[in-house]
Amino acid sequence: MAAEEADVVVIGMGPGGENAAGRLAEAGLEVVAVEARLVGGECPYWGCVPTKMMIRAADLLAEGRRIPGMSGDSTVTADWTQVAKRIREEATDSWDDRAAAERFARTGGRLVRGYGRITAPGEVTVDGRVFRARRGIVLNPGTEPNVPPIDGLAGTPFWTNREAVEAEAAPGSLVVLGGGAIGTEMAQAFARFRTQVTVVEARDRLLAVEEPEACDLLYEVFEREGVTVHTGTRATAVHHDDAHGFTVDLDGGGQVHGEALLVAIGRRTRLRDLGVGAVGLDEDARFIETDEWMRAADGVWAIGDVTGKGAFTHVSMYQADVAVRDILGQGGPSADYRAVPRVTFTDPEVGAVGLTEAQARERGINVRTGMTRIPASSRGWIHGRGNEGFIKLVQDADRGVLVGATSAGPNGGEVLSALAVAVHGEVPAERLRYMIYAYPTFHRAIQSAVEDLYS
Ligand SMILES: Cc1cc2nc3c(=O)[nH]c(=O)nc-3n(C[C@H](O)[C@H](O)[C@H](O)COP(=O)(O)OP(=O)(O)OC[C@H]3O[C@@H](n4cnc5c(N)ncnc54)[C@H](O)[C@@H]3O)c2cc1C
Ligand SMILES: NC(=O)c1ccc[n+]([C@@H]2O[C@H](COP(=O)([O-])OP(=O)(O)OC[C@H]3O[C@@H](n4cnc5c(N)ncnc54)[C@H](O)[C@@H]3O)[C@@H](O)[C@H]2O)c1
């Protein structure tokens, strides 16, 4: 079969790939986009969007339960079927990507369904069809749930994020393996729907990549809400039968039980299947290394989770923009990861940007920290129930600028925006100290944290 020609072949239509493919096509390039599952990737169908619908629903329940002592009485009845319906009908169109595929077709690009593999420099093969890319290949293959080789796990009806998002009912009980972003968000959401949740986390903290204060805060909230947390332990074996559900053996002894089991211990890439060896890249690596223009090899760009720069939709979109500008020769700034924001949408939300205190110290920065508690702020005190949180600043004391910050609390992810600007723009902390913060906002607590830097 003769090879089909295009200017650019995009493999993987996650948020970054979809954005890049559409923009390149709109710029007049001939674009072939290859997608094995759904156009849009993990985020709209099994990631950000449906999980935030779960969290919004769960947070409403929690707010309802906070009414007593604040504004009257409340009886809250949880009903997961409404969450499932909203996810099915509003978020995912029953996991149908027709609207996204049509949106892409309107840009003039050509969608090819199937699994793409690089078979030679500038060549991609999809189910026997060969595509020649005149200008280059953009890789946006994303990641898949990492399922560990735990004794007894394979073949059981365990959940990854995908089955959890597709759940039509909240289980009576749930064991969550992994206390990272997915584990904490889902644990709390299901617990608020009256699921008995047990989290098993291998490291000694929840959300271990973030500030320890955030972990302590979540731990306290989880305990209060009835979520059982086991840290510093792993599953050694899984037993399942239809009558009793899952029993998980933990190393060091002990067992935990759940009607359902969610595996959320991180993600994996499949570089060998993608055939990156054909362009000289390491097929056994975990991520694809790129330069600051997202170039991975001659005529190959890589964007999104596969680059290992933060598995977030906003990073994927940001990198897509850098790659598109490079491919079109438009110039502008190259990729800069000093101020990567991330928000874990637990309640309290944990927002963070740039370096944690520990990361800054590891880099030999002369660190000064500032801290304030949200309940001690005017707005936090007014807010009352559900006001837990803090703002922590990490300053490079020699340069007088923030290199990192954490904002945990009600709307912690929104409060983070000011701190992201400060880190990204290297705003001198002295200027943050003497600016005006609206009263009584949550973000006004930033001023107290800045004051604490100098106390
Ligand atoms: C439960 C969950 C919640 C999340 N919540 C958030 C959040 O709140 N905020 C946030 O910023 N991020 C969140 N994320 C992360 C976010 O979903 C990803 O960072 C985001 O989807 C970007 O990934 P990506 O662009 O690398 O590609 P992906 O979204 O992973 O898409 C890659 C696409 O490529 C396709 N593909 C792979 N290989 C091939 C191939 N060889 N040929 C053809 N097609 C291929 C796949 O089918 C897939 O559709 C969440 C993730 C999960 C799992
Ligand atoms: N709000 C958000 O932006 C959001 C939400 C969900 C997911 N995500 C993205 O998706 C990615 C994947 O999420 P995730 O939660 O799967 O990964 P993660 O890396 O955030 O957390 C995985 C956790 O599992 C633990 N772990 C590893 N092996 C284990 C084992 N055998 N037993 C018990 N615990 C084990 C790790 O120590 C870690 O804390 C995240 O890195 C994040 O970038 C983002």
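Each chain has its residues counted from 1, running along the sequence as written. Naming scheme: in the order in which they are written, chains are lettered from A and ligands are numbered from 1. With the structure being a predicted model, the display of local features is reserved for residues of pLDDT at least 70 and the display and counting of side-chain atom pairs for 80 or more, all residues being used for whole-chain, interface and lining totals. With hydrogens and water stripped out, all remaining heavy atoms of the structure feed into the side-chain values.

This is how it is decided: UniProt positions are given in the numbering used here, feature names are shortened, and annotations may be inferred rather than shown by experiment.
Among the UniProt annotations of the protein, the heading Sequence similarities (unreviewed entry) holds the following wording: "Belongs to the class-I pyridine nucleotide-disulfide oxidoreductase family."

### What to know about the overall build of the protein
Here is the rule: Strands are runs of DSSP state E lasting at least two residues, helices are runs of H or I lasting at least four, and both sets are numbered from the N terminus onward. Radius of gyration means the value over C-alpha atoms here, while the globule rule gives 2.2 Å times the residue count to the 0.38 power. Any two residues whose heavy atoms approach within 4.5 Å at even a single point are treated as in contact.
Secondary structure assignment for the protein yields 15 helices and 22 strands. What you see for the protein is a C-alpha radius of gyration of 23 Å, in line with the 23 Å of a compact globule of 455 residues. Here the C-alpha coordinates of the protein stretch approximately 75 × 60 × 40 Å along the principal axes. In the protein, the share of contacts with a sequence separation of at least 24, taken over all contacts with a separation of at least 6, comes to 62%.

### Let's talk about the packing of aromatic side chains
Rules: Here a Phe, Tyr or Trp ring, Trp counted by its six-membered ring, pairs with any other such ring whose centre lies within 6.5 Å, and the pair is stacked when the planes are under 30 degrees apart, edge-to-face when over 60, and tilted otherwise. Only lysine NZ and arginine CZ atoms are considered, and such an atom sits over a ring when it is within 6 Å of the ring centre and within 35 degrees of the ring normal.
In this structure the tally under the stated criterion is 5 aromatic pairs. Look at tryptophan 80 and phenylalanine 190: their rings are 4.6 Å apart centre to centre, the planes differ by 20 degrees, and that puts the pair in the stacked class. Placement of tryptophan 80 in helix H4 (residues 80–91) and of phenylalanine 190 in helix H7 (residues 181–192) is noted, with a sequence separation of 110 residues between them. Ring centres 6.5 Å apart and planes at 70 degrees place the aromatic pair tyrosine 318 and tyrosine 337 in the edge-to-face group. Of this pair, tyrosine 318 sits in helix H10 (residues 313–327) while tyrosine 337 sits in the loop between H10 and strand E18 (341–344), placing them 19 residues apart in sequence. Feature note: the residues Trp80, Trp159, Phe190 and Phe193 constitute an aromatic cluster, connected by ring pairs. One cation-aromatic arrangement involves arginine 37 over tryptophan 46; the distance from NZ or CZ to the ring centre is 4.7 Å.

### Structural notes on the site of ligand 2
To be explicit about the condition: Note on terminology: near, applied to a residue and a molecule or strand, indicates that one of the residue's heavy atoms is within 4 Å of it. Polar contact is defined as a pair of N or O atoms within 3.5 Å, subject to the rule that within protein one atom must be able to donate a hydrogen and the other to accept it, and that residues adjacent in sequence are counted only when both atoms are side-chain atoms. Reported accessibility uses the Shrake-Rupley method at a 1.4 Å probe radius. Residues are deemed covered only where the shown protein chains occlude them.
Taken together, 21 residues sit near ligand 2, with Ile182, Glu185, Glu201, Ala311 and Val343 positioned nearest. With respect to ligand 2, the side chain of glutamate 201 contributes an N or O atom lying 2.6 Å from an oxygen atom. The backbone of valine 343 places a nitrogen or oxygen atom 2.7 Å from a nitrogen atom of ligand 2. Taking 830 Å² as the accessible area of ligand 2 by itself, protein coverage stands at 78%. Secondary-structure elements contributing two or more residues to the shell around ligand 2 are H7, strand E9 (196–201) and E18.

### Some remarks on unusual backbone geometry
Stated precisely, the cut-off is as follows: In this scheme, a residue with accessible area under 20% of its type's maximum is buried, one over 50% is exposed, and one in between is partly exposed, where area comes from a 1.4 Å probe on protein chains only.
Residue proline 348 is bonded to the preceding aspartate 347 through a cis peptide linkage, with omega at 5 degrees. Relative to the elements of secondary structure, proline 348 occurs in the loop between E18 and strand E19 (349–354). One non-glycine residue, arginine 194, lies in the positive phi region at around 75 degrees. As for its placement among the helices and strands, arginine 194 is situated in the loop between H7 and E9. Judged by relative accessible area, arginine 194 falls into the exposed class, the value being 58%. Positive phi outside glycine occurs at asparagine 411, with the angle close to 55 degrees. Positionally, asparagine 411 belongs in the loop between strand E22 (401–409) and helix H13 (412–424). Owing to a relative accessible area of 41%, asparagine 411 belongs among the partly exposed residues under this scheme.

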